[in-house]
Amino acid sequence: MIDSSPITPEIAAMLARWSGLGESAPAAELAAVFEVFRQRVERLYAVDVERFEFDFLQPDGRAR
Amino acid sequence: MRAEELTGLTVTRAARLLRARKISAVELTRAALERIQALDGTLKAFITVTADLALAQARRADREIAKGAYRGPLHGIPLSLKDIYSTKGIRTTAGSRILADFVPDTDATATARLAAAGAVLLGKTNLHEFAAGVTTDNPHFGTCQNPWKLGYIPGGSSGGSAAAIAAGLGLASLGSDTGGSIRIPASFCGIVGHKPTYGLVPRTGILPESWSLDHGGPMTRTAADAAAVLEAIAGPDGRDPSAVSARLPSARRVLGKALDGLRVGVPVNYYFDVVDSEVEGLVRAAIGQIRKLGASVVPVKIPGVEAALDSCFVVAWAEAAHYHRQWLLTRPQDYGVDVGNLLKGALLYLATDYLQAQRVRARIRRSLQEVFRGVDVIVSPTTPLTATPIGRLEVPLNTRTVSVLDVGARLTCIANLTGEPACSVPCGFTRAGLPAGLMIHGPALADMTVLRVSHAYEEASGWTARTPQLDPQ
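## Let's talk about the overall build of chain B
Here is step 1 of the chain: Assigned secondary structure in chain B consists of 16 helices and 15 strands.
Here is step 2 of the chain: Its C-alpha atoms give chain B a radius of gyration of 20 Å, within 12% of the compact-globule value 23 Å for 473 residues.
Here is step 3 of the chain: The dimensions of chain B, computed from C-alpha atoms along their principal axes, are 60 × 55 × 45 Å.
Here is step 4 of the chain: By residue count, 63% of the 473 residues in chain B fall in the buried class.

## Topic: the overall build of chain A
Here is step 1 of the chain: Across its full length, chain A carries 2 helices and 0 strands.
Here is step 2 of the chain: A burial count over chain A gives 25% of its 64 residues as buried.

## Comments concerning the packing of helix α2 (residues 27-45) of chain A against helix α13 (residues 351-371) of chain B
Here is step 1 of the chain: Packing of α2(A) against α13(B) brings their axes to within 10 Å, and their N-to-C directions diverge by 50°. Here α2(A) lies oblique to α13(B), going by the angle between them. Viewed along their axes, α2(A) and α13(B) form a crossing whose handedness is left-handed. Facing A:V41, A:L44 and A:Y45 of α2(A), the residues of α13(B) in contact are B:D353, B:Q356, B:A357 and B:V360.
Here is step 2 of the chain: Looking at side-chain class alone, the contact of α2(A) with α13(B) contains 5 nonpolar, 1 polar and 1 charged residues.

## Quick notes on the interface of chain A and chain B
Here is step 1 of the chain: With 30 residues of chain A at the contact, the number on the chain B side is 42 residues.
Here is step 2 of the chain: Counting residues per element, the side of chain A that touches chain B draws most heavily on α2(A), which supplies 10 residues.
Here is step 3 of the chain: Residues that form the side of chain A that touches chain B fall into these classes: 18 nonpolar, 4 polar and 8 charged.

## Things to note about the pairing of strand β6 (residues 172-177) of chain B
All names here are of chain B.
Here is step 1 of the chain: β6 sits mainly inside the fold: 6 of its 6 residues count as buried.
Here is step 2 of the chain: Residues A172, L174 and S176 of β6 are buried on one face, and the alternating residues S173, G175 and D177, pointing to the opposite face, are buried as well.
Here is step 3 of the chain: With 6 bridges joining them, β6 and strand β8 (residues 215-220) adopt antiparallel strand pairing. Looking at β8, one finds that D177 is bridged to H215.

## Description of the sheet that holds strand β7 (residues 192-195) of chain B
All names here are of chain B.
Here is step 1 of the chain: Sheet architecture is open: 11 strands sit in the order β1-β3-β2-β6-β8-β7-β14-β15-β11-β9-β10, paired in mixed fashion. The open sheet has two edge strands with one neighbour each: β1 (46-49) and β10 (296-300). Put simply, the sheet's adjacent strands are angled 30° from each other on average, direction ignored.
Here is step 2 of the chain: Its contacts with the sheet place helix α4 (residues 51-66) against β1, β2 (78-82) and β3 (120-125), and it is angled at close to 155° to β3.

## Considerations on the nonpolar core
Here is step 1 of the chain: By size, the foremost hydrophobic cluster in this structure holds 175 residues, and its most contacted members are B:I77, B:V120, B:C312, B:V314, B:W317 and B:I440.
Here is step 2 of the chain: Top element by residues in this core is helix α11 (residues 308-330) of chain B. It accounts for 12 residues.
Here is step 3 of the chain: Excluding its chain neighbours within four sequence positions, the residues that come into contact with B:V314 are A:R40, A:V41, A:L44, B:Y349, B:D353, B:Y354 and B:A357.

## So, the confidence of the model for chain B
Here is step 1 of the chain: Per-residue pLDDT for chain B has a mean of 97; in total, 100% of the residues score no lower than 70.
Here is step 2 of the chain: Here the predicted complex scores 0.97 on pTM and 0.89 on ipTM.

## Quick notes on the confidence of the model for chain A
Here is step 1 of the chain: Here chain A averages 81 in pLDDT, while 80% of its residues score no lower than 70.
Here is step 2 of the chain: Across residues 59-64 of chain A, confidence stays below pLDDT 50; counting only partners more than four residues off in sequence or on other chains, it has 22 contacts.

## Thoughts on the environment of B:R361
Residues and elements named next belong to chain B.
Here is step 1 of the chain: Tracing the chain through its elements places R361 in helix α13.
Here is step 2 of the chain: Among the residues examined, R361 registers 30 C-beta atoms within 10 Å and is labelled buried.
Here is step 3 of the chain: When the C-alpha atoms of R361 and A308 are compared, they prove to be 7.1 Å apart, with 53 residues separating the residues in sequence.
Here is step 4 of the chain: Setting aside anything within four residues of it in sequence, one finds R361 in contact with S311, V315 and L417.

## Remarks on the packing of helix α1 (residues 9-18) of chain A against α2(A)
Residue and element names in this part refer to chain A.
Here is step 1 of the chain: The N-to-C vectors of α1 and α2 enclose an angle of 85°; their axes lie 8 Å apart at closest approach. Of the possible angle classes, the one that applies to α1 and α2 is roughly perpendicular. Contacts between α1 and α2 involve P9, A12, A13, L15 and A16 on the former and, on the latter, A27, A28, L30, A31 and F34.

## Regarding unusual backbone geometry
Residues and elements named next belong to chain B.
Here is step 1 of the chain: That bond from G156 to S157 is cis: its omega, 15°, falls within 30 degrees of zero.
Here is step 2 of the chain: With respect to the secondary-structure elements, S157 resides in the loop between β5 (142-143) and α6 (159-167).
Here is step 3 of the chain: Of note in the backbone geometry, R21 takes a positive phi value of approximately 60° without being a glycine.
Here is step 4 of the chain: Along the chain, the position of R21 falls in the loop between α2 (11-19) and α3 (25-43).
Here is step 5 of the chain: Using a count of 10 C-beta atoms within 10 Å as the deciding quantity, one classes R21 as exposed.
Here is step 6 of the chain: You will see that T136, though not glycine, has its phi angle at about 60°, which is positive.
Here is step 7 of the chain: Within the secondary structure, T136 is located in the loop between β3 and β4 (137-138).
Here is step 8 of the chain: Given 36 C-beta atoms within a 10 Å radius, T136 is considered buried.

Basis of the calculations
- Residues numbered from 1 in each chain as written.
- Chains lettered and ligands numbered in written order.
- Predicted model: local features only at pLDDT ≥ 70, side-chain atom pairs only at ≥ 80, totals over all residues.
- Helix = DSSP H or I, 4+ residues; strand = E, 2+ residues; numbered from the N terminus.
- Rg over C-alpha atoms; globule rule 2.2 N^0.38 Å.
- Buried ≥ 20, exposed ≤ 12 C-beta atoms within 10 Å, placed from the backbone.
- Axes fitted to C-alpha atoms, helices over the stretch in contact; angles between N-to-C directions.
- Parallel < 35°, antiparallel > 145°, perpendicular 65-115°, else oblique.
- Left-handed = near helix turned anticlockwise from the far one by under 90°.
- Contact = placed C-beta atoms within 7 Å.
- Nonpolar A, V, L, I, M, F, W, Y, C, P; charged D, E, K, R; others polar.
- Pairing = 2+ DSSP bridges.
- Core = buried A, V, L, I, M, F, W, Y, C linked by C-beta atoms within 7 Å.
- pLDDT = per-residue confidence, 0-100.

Below you can see the structure in the form of structure tokens.
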């Protein structure tokens, strides 16, 4: 189950340390960014991709 | 010919005059440089102006043309490069403090190809820092202005290139496009911007934002000009592993063809769900005009496209954060606030998040491939709204408040995910005097079909002939 509680500045500071960023940005600013990013990823996981592999772009066909 | 007539020329018209020696490359270049001098203090479209180089290249072009050694339609044409294209011996900043003093020792492939075609380099244009945004409100090199309405953004990230073309500061420019960065500013500034098929223009020497989404391409006044520039820079270079080797049909043979029998798809889902009513009216009118030109217009549904922006942003920011990681850890204070925070946030994406975004991307790509079995191109607004006031991160749109970044890239990002060609062409002006763009999107390698539709529409509509009124300081 996904934890849907918002990312607090304290959690953001912890995540920033984990990613190597240290104290490079105000925790409240980062919390807002992290929250938007988390919601974006949650929406993506709601998409059914069962039949689709990661096919890196290889344009095909003839030029028209 | 007067200076303002020279700076208002299209590439194709100027090329005819240059070849016939009715104008010289030096007078054309001087007129452009004088206009940059007069207007760019206000517009902030350029980061670096290469006046001495430009005049030297122009003199050489005139000598060669006089001797009959004409190189082609870009010979003697003054143009610019987004400051993300490497230029040997000329600083290439990517609009950043991090690379403010970076002077490459080689040219990007596209840079070298323009030089080989005899083009004249006026300078390097302003952009959103590291091409990672849509406003070109650059904290290090100045806020670029929209020539149609000062105080409004030109769009981005190739905002300086678009503002320069719209204002007559050069006849063409090269931009780059990861989620819409050629087409969004083209739409906001009333010019033509073409994002080619992925891999058609080598990315070699274009500083990366996102390897799998980045495209280089032309920004011009007309579709015919875009085709001329594209022909000069397309083709594999043996160094970009994603380059495709297909040869495009000649623009000269394709562009004048009528649209009879062409099937034009108009999306019935997503594309018109969030759109300014004036922009929608202009786009629907443009579609009507394309029908009158002989094309058949058919409704199309594109399943799964609603997830395009999320997929594009996760892929783009994850790839960008990987490229920037060392600088983010060691020089975080050297980033502007918006770009720095986005890239820092992207360091938290998991490998599984990135893979999910790529699988969503594959789904959207498959959907578009299915749609293109039934139609030759699809048409839509380039952006759901016109240029927004400088400094606003969110704006009202109909009954909701929208992020300028999200709504700006909402429709353009789709062709970045699929790697298919898409062109923005002006389709009219709002009551506030701001231009709107029509996007024409085709299947992989159908760049000339996309430009053919763009050309036919612009010839019929005449919008590209309109230019902003700017008073030199």
